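# Residue-level structural notes
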Amino acid sequence: MTRNAFTLGDAAREFVRHPSPWMIGTTLAVTVVARWAVGDWQFTDALVPVVMLAVFPFFEWLVHVFVLHWRPRTFGPITLDSLLAREHRLHHVDPRAIPLIFIPWRALLWILPVAVAVAILAFPRPGLGLTFLSFLTVLGLSYEWCHYLIHSDYKPKSRLYRAVWRNHRQHHYKNEHYWFTVTTAGTADRVLGTYPDPAAVSTSPTSKNLHTAMPARQ
């Protein structure tokens, strides 16, 4: 199927064939039902999503830089190299391999329980924790959808999506040391200094094989 023939409907049908959207989506559905059952709505329930939306690009940047681009380190007989980092290196090798686009389902087996624990333990009332968890899963699904769509054959149509698409494609095909945000067009990258003029950045020889060499940054 050519890019011009690949529609949002085609993308959605492929998207739901993979486990991570179902795992995150199920968590979202259960959490929303629990949130309505608990009630106790307060002003902070509106404030938490606003704060999370502002923080998420920076969270995304930090995870991308320090978790997904983790360089394996050996300490005696032990090598520290997470599943997320290993899978992400494979994703860079073949950005069009669809299963590698998604968060590994095995990683979600601990990520989702940790998120639930944070919602239970880090908030002063259950309702607020459930608000946090509900919006976190919305952000997680949005990330999975956006990341998949960028790597699919769907052709950008809106100006906003084209900017997001271009930002992430430059990370994969231009230079892996820059453009770390995925769901926004360089928001955190602009603040944290990883949003250069593409014309001023050389094409990296290691964008498809992370850590095979460590060339100096531009």
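Sequence order as written defines the numbering, with residues in each chain counted from 1. For a predicted model such as this one, the threshold for reporting local features is a pLDDT of at least 70, and the threshold for listing and counting side-chain atom pairs is 80 or more; totals across whole chains, interfaces and linings nevertheless cover every residue. Computation of side-chain values: all heavy atoms of the structure, hydrogens and water removed.

## Re the overall build of the protein chain
The numbering of helices and of strands both runs from the N terminus, where a helix is a DSSP run of H or I of at least 4 residues and a strand a run of E of at least 2. What the protein chain contains, in helices and strands, is 8 helices and 2 strands. Helices (α) and strands (β) of the protein chain occur, in sequence order from the N terminus, as α-α-α-β-β-α-α-α-α-α. We take the radius of gyration over the C-alpha atoms and set the globule estimate at 2.2 Å times the residue count to the 0.38 power. Relative to a compact globule of 218 residues, whose C-alpha radius of gyration would be 17 Å, the protein chain shows 19 Å and is just as compact. The principal-axis extents of the C-alpha atoms in the protein chain amount to approximately 55 × 55 × 35 Å. Any two residues having at least one pair of non-hydrogen atoms within 4.5 Å are treated as being in contact. For the protein chain, restricting intrachain contacts to residue pairs at least 6 apart in sequence, the fraction spanning at least 24 positions comes to 64%. Here the protein chain displays about 11,800 Å² of accessible surface, and carbon together with sulfur accounts for 69% of that area. Computed over 21 positive and 13 negative side-chain charges, the separation of the two mean positions in the protein chain equals 5 Å. For every accessible area listed, the method is Shrake-Rupley and the probe measures 1.4 Å; residues are considered covered only by the protein chains on display. In this charge count, Lys and Arg are treated as positive and Asp and Glu as negative; neither His nor the chain ends contribute. Every charge is mapped onto a representative atom, which is NZ of Lys, CZ of Arg, CG of Asp or CD of Glu.

## Some words on the UniProt feature "transmembrane region" (unreviewed entry) in the protein chain
UniProt records the feature "transmembrane region" (unreviewed entry) for residues 21–38, 50–70, 97–123 and 129–150 in the present numbering. As annotated, residues 50–70 has a helix share of 90% and a strand share of 0%, and its two end C-alpha atoms lie 30 Å apart. Annotated as residues 97–123, this span is 63% helix and 0% strand, and its ends, taken at the C-alpha atoms, are 39 Å apart. UniProt positions are given in the numbering used here, feature names are shortened, and annotations may be inferred rather than shown by experiment.

## With respect to unusual backbone geometry
Look at Asp-40: it is not a glycine, yet its phi comes out positive at around 60 degrees. Within the element layout of this structure, Asp-40 appears in the loop between helix 2 (19–38) and helix 3 (43–68). Positive phi values are uncommon outside glycine, yet Trp-179 reaches one of about 60 degrees. By the element assignment, Trp-179 lies in the loop between helix 7 (159–173) and helix 8 (187–192).

## What about the pattern of salt bridges?
The salt bridge definition used is simple: a Lys or Arg side-chain nitrogen within 4 Å of an Asp or Glu carboxyl oxygen. Summed over the entire model, instances satisfying the criterion amount to 7 salt bridges. Between Arg-17 and Glu-14 there is a salt bridge; the shortest N-O distance is 2.8 Å. Throughout this description, buried means an accessible area under 20% of the type-specific maximum (1.4 Å probe, protein chains only), exposed means over 50%, and partly exposed covers the range between. Owing to a relative accessible area of 63%, Arg-17 belongs among the exposed residues under this scheme. With a shortest N-O distance of 2.8 Å, Asp-45 and Arg-125 are connected by a salt bridge.

## Some details on the side chain of Asp-189
Its place among the elements puts Asp-189 in helix 8. Arg-190 provides the closest opposite charge to the buried, salt-bridge-free Asp-189, at an N-O distance of 7.9 Å. Pairing of N or O atoms within 3.5 Å defines a polar contact, subject to two protein rules: one partner must be a possible hydrogen donor and the other a possible acceptor, and residues neighboring in sequence count only if both atoms are side-chain atoms. Of note is the side chain of Asp-189, whose polar atom sits 3.2 Å from the side chain of Trp-61. Among the polar contacts listed, one links the side chain of Asp-189 to the side chain of Thr-181, at a separation of 2.9 Å. Every residue in contact with Asp-189, bar those within four places of it in the chain, is listed here: Trp-61, Asn-167, Trp-179, Phe-180, Thr-181, Thr-194 and Tyr-195.

## Focus on the nonpolar core
Within this scheme, the nonpolar core is defined by two criteria: the residues are buried Ala, Val, Leu, Ile, Met, Phe, Trp, Tyr or Cys, and they are joined through side-chain atoms within 4.5 Å. Ranked by size, the top nonpolar core spans 25 residues in total, and within it Met-52, Tyr-148, Ile-150 and Tyr-161 carry the most contacts. Mapped by element, the contributors of at least two residues to this core are helix 1 (8–15), helix 3, helix 5 (105–121), helix 6 (126–151) and helix 7. With 10 residues, helix 6 is the single largest residue contributor to this core. Ignoring anything within four residues of it in the chain, the contact list for Tyr-161 reads Leu-149, Ile-150, Tyr-154 and Pro-156.

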